[in-house]
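Here is how the chains run, residue by residue.
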Amino acid sequence: MNKTPIYSDGDFYLIRHESTIPWVILHLHEEYRELSDLPPALRRRLCDLLVLIEETMREYYRPHKINIASFGNYLPRQHWHIMARFEEDSHFPEPMWGPKQREGTLSLPDFESFALGLTERLRQAAQDARE
């Protein structure tokens, strides 16, 4: 997993999870054990960011489904996995943590272009939130 953030601001940072599918993880800089521990304004911003990431993935990759997951059992702090899923991916319809179903047959546009577009949208959203 690449730990270098794709994006970072005062509250959140986003990293890529190396995988055969497009997969990013949204973290908070400050540690919160449960979602209900976040201040209300930060929860609202989180929801806005998750939707923005989902929309950007849908527009760029045209997946069959977007999965958003937050478990926190191994890393007991709030973070969210956002994954673009395809019927042709190696695990579909099972979760990426589940048993492999087949060899994947995906041909996807490059992640770097996706990350650049997403970063620009995240920066704009952060600027809009400050205004």
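The rules behind each value
- Residues numbered from 1 in each chain as written.
- Predicted model: local features only at pLDDT ≥ 70, side-chain atom pairs only at ≥ 80, totals over all residues.
- Heavy atoms only, no water.
- Axes fitted to C-alpha atoms, helices over the stretch in contact; angles between N-to-C directions.
- Helix = DSSP H or I, 4+ residues; strand = E, 2+ residues; numbered from the N terminus.
- Left-handed = near helix turned anticlockwise from the far one by under 90°.
- Contact = heavy atoms within 4.5 Å.
- Nonpolar A, V, L, I, M, F, W, Y, C, P; charged D, E, K, R; others polar.
- Phe/Tyr/Trp six-rings, centres within 6.5 Å; stacked < 30°, edge-to-face > 60°.
- Buried < 20%, exposed > 50% of the residue type's maximum accessible area, 1.4 Å probe, protein only.
- Lys NZ or Arg CZ within 6 Å of the ring centre and 35° of its normal.

A.B. asks: For this particular structure, what's the right way to read the packing of helix α1 (residues 40-61) against helix α2 (residues 111-130)?
C.D. replies: Two numbers describe a pair of packed helices, the interaxial angle and the distance between the axes. Contact geometry of α1 with α2 gives a least axis separation of 10 Å together with a crossing angle of 145 degrees. The interaxial crossing formed by α1 with α2 has right-handed handedness. Together, Arg45, Leu49, Leu52, Ile53, Glu55, Thr56, Met57, Glu59, Tyr60 and Tyr61 of α1 and Phe111, Ser113, Phe114, Leu118, Arg121, Leu122, Ala125 and Ala126 of α2 make up the contact between the two elements. Looking at the contact of α1 with α2 residue by residue, the class counts come to 12 nonpolar, 2 polar and 4 charged.

A.B. asks: It is not clear to me how the packing of aromatic side chains should be interpreted in this structure. Could you clarify?
C.D. replies: What characterises a pair of aromatic rings is the spacing of the ring centres plus the angle enclosed by the ring planes. All chains considered together, the criterion is met by 6 aromatic pairs. Measuring from centroid to centroid gives 4.8 Å for Tyr60 and Tyr61, while their planes differ by 85 degrees, and the two rings are edge-to-face. Ring centres of Tyr61 and Phe114 lie 5.2 Å apart, and the angle between their planes is 50 degrees; this geometry places the pair in the tilted category. Here Phe114 lies in helix α2 and Tyr61 lies in helix α1, a separation of 53 residues in the sequence. Tyr61 gets classed as buried once you look at its relative accessible area, which sits at 7%. Members of the aromatic cluster, connected to one another through ring pairs, are Tyr60, Tyr61, Phe111 and Phe114. Directly above the aromatic system of Phe111 lies the positively charged group of Arg16, at a separation of 4.0 Å from the ring centroid.

Interpretation in functional terms is not warranted from these geometric data alone.
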